[in-house]
Structures are given as C-alpha cells and as structure tokens.
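Survey of secondary and tertiary structure
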Amino acid sequence: MTDQHLLDKDFLQHAAETSGTLKEKRMISFLLKRADLNDSEQIKALNNIPLPRRTIAVHPKVQDYINQLTKEGKARNTLQNHRFSVSRFLGWLAHNVQIFKEFAPNEIPLLQVKKEHLVGFRLYLKKKIREGENSQISASECIYCVKSFFRFLNKRFGNPDPSRKLKSISAPRYRYR
C-alpha cells in the first residue's frame, strides 16, 4: 500500500480546510510542497502561515566558543557542525553519566567533565559506527569538535583540558573526484 492518496488534490483541500493544530498545519504544508498544489485559496493561505522556529538552548560556553570561531572567520557549516557536535556531547553526558543526569545539557558544569567521560563518548560514537548510524568521518569530526572545544576552554578560561590525550577516531581521507 502506498501513501499516494496523501498527495491527492481533494484530500489536501479537505485537510487544509479542517486542520487545526500547528502540527497538522506543518504536515499539510509539507504535503502541499510534495504535491506541488498551490492553486486553491485555502492552500495558499495555509502555506502563508508562519511556522515558529525551534530554538535549542545552548550552553553559554558553547556559545562563547561559536562566537570565537565566528571571529576567526569560520564558515557557517563549520559553526553548525561544531555547535551540533559539542551539544551532542553535552546531551550524551546529561543522559548517560550519573553525575550529570540532574543537569540540562545547557547547564552541565564543564569543570566536572573528566577524560573518562570523553572516552565513554568516544566508545558511544564507535558503537554508532558499528551499528551503521554514524560514518567514521562524522564520528571523527565530532571528536575533533569536542577536543577543539576543550582546548578553547583551556586557552580562554584556564579550564583543565580533559581531552588532551584523548585518541581520535580514525577515518578514511576524503577522496576528491
């Protein structure tokens, strides 16, 4: 059975007229873009509803780090990768390490992060590689970003650097075509 009926003009017309919640409107908007049906007034009105952007609370030190990378002229993708990788690490800490479970990822006391926590995160990434959820390259970049973040904290604020002797995850080099 396929979901082609979801792209049917009559179905979308009815859905656009009866949708009530923001979640429903987002779904209908997505389907409209897939169906490429923008000719009816209700559908046009639905497409013009501004959808609120989700904001994710970022640790203040991560924001300082991102600001420093911005001053250094790093590309937008680089900034996003670093923010995502470090936030992923902090989220992993908040969900998997007992002493951090009472903290939200954006409130973790970074002075309490030890090398053992970083080794655990590295093992977690290697497990994700084995399960096929991460590539070696993305896991390697994630570890690089976290190590870079702790080097920044060490230089800027004098925090101890628990990542100093952390092994990277080896990954194949990019091949240029």
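Here, the structure is the one placed above.
Now for a quick tour of the structure. None of the values given here were measured: they were computed from a predicted structure. (Residues numbered from 1 in each chain as written. Predicted model: local features only at pLDDT ≥ 70, side-chain atom pairs only at ≥ 80, totals over all residues. Heavy atoms only, no water.)

1. Considerations on the overall build of the chain
Scanning the chain from terminus to terminus reveals seven helices and zero strands. Along the chain direction, N to C, the helices and strands of the chain fall in the order α-α-α-α-α-α-α. Scored against the burial criterion, the 177 residues of the chain give a buried share of 33%. Sequence separation of at least 24 residues holds for 61% of the intrachain contacts in the chain that already meet a minimum separation of 6. Looking at the chain as shown, the accessible area adds up to about 12300 Å², and 50% of this sits on carbon and sulfur atoms. (Helix = DSSP H or I, 4+ residues; strand = E, 2+ residues; numbered from the N terminus. Buried < 20%, exposed > 50% of the residue type's maximum accessible area, 1.4 Å probe, protein only. Contact = heavy atoms within 4.5 Å. Areas by Shrake-Rupley, 256 points an atom, 1.4 Å probe, with all protein chains shown as cover.)

2. Comments concerning the nonpolar core
What tends to happen in soluble globular proteins is that the nonpolar side chains get buried as a cluster. Ranked by internal contacts, the top residues of the largest apolar core, which has 29 residues, are Phe89 and Leu93. Contributing elements (two or more residues each) for this core: helix H4 (60-71), helix H5 (76-96), helix H6 (115-130) and helix H7 (136-157). Residue contributions to this core peak at eight residues, all from H7. Discounting residues that sit within four places of it in the chain, Phe89 has contacts with Val113, His117, Leu118, Phe121, Val146 and Phe150. (Core = buried A, V, L, I, M, F, W, Y, C linked by side-chain atoms within 4.5 Å.)

3. A look at the side chain of Ser163
Looking at the element boundaries, Ser163 is found in the segment after H7. By relative accessible area, which is 2% here, Ser163 ends up buried. If near-sequence neighbours (up to four positions away) are discounted, Ser163 is found in contact with Leu118, Lys147 and Phe150.

4. Comments concerning H7
For H7, which comprises 22 residues, the first-to-last C-alpha distance of 31 Å matches the rise-based estimate of 32 Å (1.5 Å per residue) to within 8%. Within H7, the full set of buried residues consists of Ala139, Ser140, Cys142, Ile143, Cys145, Val146, Lys147, Ser148, Phe149, Phe150, Phe152 and Leu153. At its buried positions, H7 is contacted by H4, H5 and H6. Gly158 sits one or two residues past H7 and shows a positive phi near 80 degrees. (Expected span 1.5 Å × (residues − 1).)

5. Points about the pattern of salt bridges
Summed over the entire model, instances satisfying the criterion amount to three salt bridges. Between Lys128 and Glu133 there is a salt bridge, with the nearest N and O atoms lying 3.0 Å from each other. For Glu133, a relative accessible area of 53% translates into the label exposed. (Salt bridge = Lys/Arg side-chain N within 4 Å of Asp/Glu carboxyl O.)

6. Description of the packing of aromatic side chains
Throughout the structure, instances matching the rule amount to nine aromatic pairs. Relative to Phe149, the ring of Tyr65 lies with its centre 5.4 Å away and its plane at 70 degrees, an arrangement referred to as edge-to-face. Residue Tyr65 is located in helix H4, and its partner Phe149 is located in helix H7; the two are separated by 84 residues in the primary sequence. This pair shows no difference in class: Tyr65 is buried, exactly as Phe149 is. Joined through ring pairs, the aromatic side chains of Tyr65, Phe89, Trp92, Phe121, Tyr124, Phe149, Phe150, Phe152 and Phe157 make up one cluster. The residue whose ring lies beneath Lys61 is Phe157, and the NZ or CZ to ring-centre distance is 3.7 Å. (Phe/Tyr/Trp six-rings, centres within 6.5 Å; stacked < 30°, edge-to-face > 60°. Lys NZ or Arg CZ within 6 Å of the ring centre and 35° of its normal.)

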